[in-house]
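Here's the letter readout for the chains.
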Amino acid sequence: MLDMPTWKSKLLLVGVIISITGLFHIAHGYDIPIVIISEIMWAKAEYIELQNTTDADISLDGWSITRQKTAGDSEDTEVTFNASDSIPAHGFFLIESSEDATSVPSNKIKSVLGLVDTGALVRIKDKTGTAIDSANQYGSWFKGENNTVGYSMERVNPVSSCEEASSWQTSTGNVGGRVGTPGEENSTVLVPTPTPTPTPSPDASPTPLPDYSNAVYINEYMPNPTGDDTKLEFIELYNSSSDAIDISGWKLDDAEGTGSSPFIIPEGTKISGNDFIVFYSSQTKISLNNDSDHVRLLHPDDTVSSDEEYTSSKEGYSYNRTDNGDFQLSFRSTPGEVNIIETPTPTPTPTPKITPSPTPKTYQFSTKIVINEVYPSPSKPDQLNEFIEIKNNDNRSLSLYGWMIDDADGGSKPYHFKDTDSIAKNSIIAIYKADSKIALNNDKDTARLIDPNGKVIAAVAYDHVKKGQSYNRSSDGIYVWSDVITPSKENIIFVQQTPQPTKKPVSKKKTKPAVSRPRVAGISTATATSIIPLPSASSEVVVKTIVGNTAPGNTLNTKQAFFVLFGLLCGAGQLASGVAQKEKIWFWGK
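Because the structure is predicted, anything quoted here is derived from the model rather than measured. (Residues numbered from 1 in each chain as written. Predicted model: local features only at pLDDT ≥ 70, side-chain atom pairs only at ≥ 80, totals over all residues. Heavy atoms only, no water.)

With respect to the overall build of the chain
What counts is decided by this rule: Numbering of helices and strands runs from the N terminus, with a helix taken as a DSSP run of H or I at least four residues long and a strand as a DSSP run of E at least two residues long. Using a 1.4 Å probe on the protein chains alone, a residue whose accessible area is under 20% of its type maximum counts as buried, one over 50% counts as exposed, and one in between counts as partly exposed. Here, two residues are considered to be in contact whenever any of their heavy atoms come within 4.5 Å of each other.
From N to C terminus, the chain includes six helices and 36 strands. For the chain, the residues scored as buried account for 39% of the 590 residues in total. Sequence separation of 24 or more characterises 57% of the internal contacts of the chain that already satisfy a separation of 6 or more.

Structure below.
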């Protein structure tokens, strides 16, 4: 059987328990911190008030106070106290901004912590770095309507967690002309604090969304510009109301969840009434796909204001909003201006949104315009430049507005005729490289004529190019090379060959008078004496030229001259032999 404990044993046990409890309190801090954060003012006159809760003065030598970093900060903001700083028993100490410093109270330091109204943790540490007390700036919860008259945050329960809203109140106190109670006991006049909004019941109506204007919408966008896509793509917004609208914080984006990151419109951005604003890809970093994509305008709360989808694009064409809200391609982009919709296929021009605009010219079509002559390789740089020549075989004059000439796919950029260009009936026009910027290859290439609908009306492919020759269309529609270059004139098909040297004839013999041959327009008979007529369209084209001063058939060629001379020599020898032998010659008679 165990002996009952004596009174001495009981006393020792009680002492041990008290000692352990004391150690526990020492290890886990004070019930009430020796120094507390008792008041915070972050409005016009920033300050933080500290309070000594003990009966003795406390030196702040080596102590510090920090504000937790917020957006835009790289680290926490810290203020270190001076060696002479201290808080008297049950007294106060202020940390305040330099510009608002006053003489109340006398024990304070001047330092701007940069208090913010979006919430940040403020912490006081002793010289060992141990956190003594901390408090949250509860931002707009305390600011509310009160900030307009200068309310501060006052501590009402130093024992409870100072990071809970219930430990604080707002104050209307006024000390030394300053709002709040800097350097003094907190006010006893309590201002009712906002209470959290209760969770609505299932049948309660939802909280209404902010009222954003529907007058701002996407008006034009360019997904595939001619040039650098990373700089020249653009999205245009339009304000259809008569009042200016602030679009700060609105967002531009492409397809949801993919592609580029949303672009947030900068603070202070406004669109005047009935006006435009244009954002280029060099600013937004939004890359619109050339095949298919979305263009979206979102409110700051990410609700979608406009979402426009396209399934294809064309280089140099922009999508323009029409009066009925649809989008159409137009090769006349108008960033920052009223839309002018000009499509490859003629369509009725929609009425401009604000002011009437000139009605675009209508297109004219014909299948009787042909490529008449192509000059790809001039013989010398100082001679006629490269050109593509077209001819209008229609019985009417035609506008060339919307028409293009081009070389083979993947070559030079197409040349677009101006809206003032036209071609008269049965007339010919040469378009030089200096104007079209089309560089024709010297080995092989294709010249093309394209109507406003994008249809290839004429295409002429060539190869085996010879310098100084042009590729000409004959009256039968067949293309042949010619030495005669005739820009903007009727073709003259002529190929000059280098003459071969002939032997000097032994004897002269009169020839029959030259047979008259038809002359070719523009060609001297001294240059060419004969041109073989072009064959029909179904036969092979062969163009040959014989060079000389006499027409073909009027002179003896080398082989003919040889046989004639040989016959004459044989006859002369026979005659001489007969005379020498005194034989009878048949033409002398019997």
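Past the structure itself, the notes keep going.
A word on the pairing of strand β24 (residues 318–321)
Note the cut-off: Only strands joined by at least two bridges in the DSSP assignment are considered to pair.
The sheet contact formed by strand β15 (residues 216–222) and β24 spans two bridges and is antiparallel. The partner of E220 across the bridge, within β24, is N320. Examined bridge by bridge, β24 and strand β25 (residues 327–330) share four bridges and lie antiparallel to one another. Of the residues in β25, the one forming a bridge with Y319 is L329. What sits between the antiparallel neighbours β24 and β25 is a turn of five residues, in which G325 has the positive phi angle 90°.

A look at the confidence of the model for the chain
Detailed reading of the predicted model is not advised wherever pLDDT is low. Spelled out, the test is: Each residue carries a pLDDT value, the predictor's own confidence for that position, ranging from 0 to 100.
Scored by pLDDT, the chain has a mean of 75; 63% of the residues are at 70 or more. The model gives residues 586–590 a pLDDT under 50, and that stretch makes three contacts with residues more than four places away or in other chains.

Side note on the sheet that holds strand β10 (residues 131–136)
Two orientations exist for strands paired in a sheet by backbone hydrogen bonds: parallel and antiparallel. Put simply, the rule is: All axes here are fitted lines through C-alpha atoms, helices being fitted over the stretch that makes contact, and every angle between N-to-C directions spans 0 to 180 degrees.
One open sheet holds the four strands; their spatial order is β5-β4-β9-β10, and the pairing between them is antiparallel. Both edges of this open sheet fall to β5 (77–80) and β10, since each of them pairs with a single strand only. Going across the sheet, the axis of each strand differs from the next one's by a mean of 15°, ignoring polarity. Sheet analysis places strand β4 (residues 64–67) next to strand β9 (residues 121–125), joined by four bridges and oriented antiparallel. Across the sheet, residue R67 finds its bridge partner in β9, namely V122.

Thoughts on the packing of aromatic side chains
Two numbers describe a pair of aromatic rings. These are the distance of the centres and the angle of the planes. Quick reminder of the rule: Here is the rule: rings of Phe, Tyr and Trp (six-membered ring for Trp) pair when centre to centre is within 6.5 Å. Planes less than 30 degrees apart are stacked, more than 60 are edge-to-face, and the remainder are tilted.
This model, assessed by the stated rule, comprises 20 aromatic pairs. With a centroid separation of 4.6 Å and 35° between ring planes, the pair formed by Y471 and W481 is classed as tilted. Separated by ten residues along the polypeptide, Y471 in strand β35 (residues 470–473) and W481 in strand β36 (residues 479–482) bring together distant segments of the chain. Comparing Y471 with W481, the two get one shared label, buried.

Let's talk about unusual backbone geometry
Even without a glycine there, the phi angle at D302 is positive, about 75°. Along the chain, D302 turns up in the loop between β22 (293–298) and β23 (304–310). With phi around 65°, K437 is a residue other than glycine that occupies positive phi space. The residue K437 is located in the loop between α5 (433–436) and β33 (445–450) in this model. With a relative accessible area of 59%, K437 lands in the exposed category.

Some points on the pattern of salt bridges
Where we set the bar: The term salt bridge refers to a side-chain nitrogen of Lys or Arg lying within 4 Å of a carboxyl oxygen of Asp or Glu.
On inspection of all chains with the given rule, the structure shows seven salt bridges. If you follow the salt bridges from partner to partner, you end up with D406, D409 and R448 in one network.

So, a nonpolar patch on the surface
We count it as follows: Surface patches are drawn from residues lacking salt bridges whose relative accessible area is over 30%; two like charges belong together within 9 Å, two nonpolar side chains (Val, Leu, Ile, Met, Phe, Trp, Tyr) within 5 Å. In short, Shrake-Rupley with a 1.4 Å probe defines the accessible areas, and a residue's cover is counted only from the protein chains shown.
Nonpolar side chains collect at one region of the surface, where F562, F563 and F566 lie side by side and expose about 380 Å² of accessible area between them. One can find F566 in helix α6 (residues 558–580).

Focus on the sheet that holds strand β30 (residues 415–416)
Here four strands make up an open sheet; going across it, the order is β30-β29-β33-β34 and the pairing antiparallel. Of all strands in the sheet, those with a lone pairing partner are β30 and β34 (456–462), marking the two edges. Bridge count for strand β29 (residues 404–406) against β33 is three bridges, and the pairing is antiparallel. Following the sheet pairing, D406 is matched in β33 by R448.

Some words on the side chain of D407
To keep it simple, the criterion reads: Think of it this way: Lys and Arg go in the positive column, Asp and Glu in the negative one, and His and the chain ends go nowhere. Nitrogen and oxygen atoms within 3.5 Å of one another constitute a polar contact, given that in protein one can donate a hydrogen and the other can accept it, and given that sequence-neighbouring residues count only through two side-chain atoms.
By the secondary structure assignment, D407 is in the loop between β29 and β30. For the buried D407, which has no salt bridge, the nearest side chain bearing the opposite charge is R448, at an N-O separation of 6.0 Å. Within the structure, D407 has its side chain in polar contact with the backbone nitrogen of S412 (distance 3.1 Å). Ignoring any residue separated from it by four or fewer positions in sequence, one finds D407 in contact with S412, I438, A439, L440, D445, T446 and R448.

A short note on the nonpolar core
As a rule of thumb, soluble globular proteins bury nonpolar side chains together. What counts here: The criterion is simple. A nonpolar core is a set of buried Ala, Val, Leu, Ile, Met, Phe, Trp, Tyr and Cys residues joined through side-chain atoms within 4.5 Å.
Grouped together as the largest cluster of nonpolar side chains are 24 residues, with contacts concentrated most on I371, I390, I405, F417 and L449. Listing elements by their share of this core, those giving two or more residues are β26 (369–375), β27 (387–392), β33, β34 and β36. Discounting chain neighbours no more than four positions away, the residues touching I390 are I369, V370, I371, N372, L400, F417, I423, S427, I428, I429, I431 and L449. By size, the runner-up hydrophobic cluster in this structure holds 22 residues, among which are Y221, I235, I271 and Y319.

Things to note about the side chain of S412
Locating S412 in the fold gives a position in the loop between β29 and β30. According to the relative accessible area criterion, S412 is buried, its value standing at 18%. Polar side-chain contacts of S412 include one of 3.1 Å to the backbone nitrogen of A439.

So, the environment of S242
Tracing the chain through its elements places S242 in the loop between β16 (234–239) and β17 (245–246). Taking C-alpha positions, S242 is 7.6 Å from S272, a pair spaced 30 residues apart along the chain. In contact with S242, not counting residues within four places along its chain, are G273 and N274.

Digging into the environment of D246
Position of D246 among the secondary structure elements: in strand β17. Judged by its relative accessible area of 39%, D246 is partly exposed. Distance in space between the C-alpha atoms of D246 and S272 is 8.8 Å, their sequence separation being 26 residues. A polar contact is formed between the side chain of D246 and the side chain of S248, at a distance of 2.6 Å.

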